[in-house]
Amino acid sequence: MATKKLTARDIMTAGVQCVGEHQTLLEACRMMRDLNVGCLPICGDDQKLQGLITDRDVIVKCCAEGRDVAEMKAGELGGALHWIGADDDAQQAVDLMEVHQIKRLPVIDVKNGHRLCGMITEANIAKNLSDEQIAEFASRVYTH
């Protein structure tokens, strides 16, 4: 009997909340605090993924530049975006995260209007991979 391969949906954290592209960074920071997360997806008016914002982005691209978190919009920090389809093989998610040296990967439900349906993080990787795979992932993401 063949073993079913894990998909991105199988290992992701569901129920991810977005910050709207027109919301301020202050609102995004409060959401991060309340949700106890260091990253939020940025969604457009059409509820589709526009980018990601991290707590580090707020510090480096707003505060350190002397900008006001109550004035700057989340959409200004969109940047390059990598994602994976919900039905794609989970190993592809790991590979994408390694290649692009990213610690969070949005999961998109391609069959359901390209909507954000979850996020894959380092914790998801740690829970679903072998010790050997985790060690390889860590060496590729953290040593460059």
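This text goes with the structure placed above it.
These lines cover the structure that appears in this document, whether it is placed above or below. Note that the coordinates shown come from a computational prediction; the quantities given were computed from them, not determined experimentally.

Moving on, we get to the state of the cysteines. Going through the model one piece at a time under the given rule, you end up with one disulfide. The disulfide partner of C18 is C43, and the gap between their sulfur atoms is 2.2 Å. Of the two residues, C18 is situated in the loop between β1 (13–14) and β2 (19–20) and C43 in strand β3 (residues 39–43); the sequence distance between them amounts to 25 residues. The partly exposed category is assigned to C18, whose relative accessible area is 23%. For C43, a relative accessible area of 4% corresponds to the buried category. Free of any disulfide, C29 has its nearest cysteine sulfur in C63, 6.9 Å distant. Left unpaired, C63 is separated from the closest cysteine sulfur, that of C62, by 4.8 Å. Accessibility expressed as a relative area gives 38% for C63, which makes it partly exposed.

Each value, and the rule that gives it
Sequence order as written defines residue numbering, which begins from 1 separately in each chain. Local features in this predicted model are restricted to residues of pLDDT 70 or higher, and side-chain atom pairs are both shown and tallied only at a pLDDT of 80 or more, whereas totals for entire chains, interfaces and linings draw on every residue. Calculation of side-chain values draws on the structure's entire complement of heavy atoms; hydrogens and water are dropped beforehand. We call a pair of cysteine sulfur atoms a disulfide whenever their separation is within 2.5 Å. The way it works is that DSSP assigns letters per residue, a run of H or I at least four long becomes a helix, a run of E at least two long becomes a strand, and they are numbered from the N terminus. Type-normalised accessible area, obtained with a 1.4 Å probe on protein chains alone, sets the label of each residue: buried when under 20%, exposed when over 50%, and partly exposed for intermediate values.

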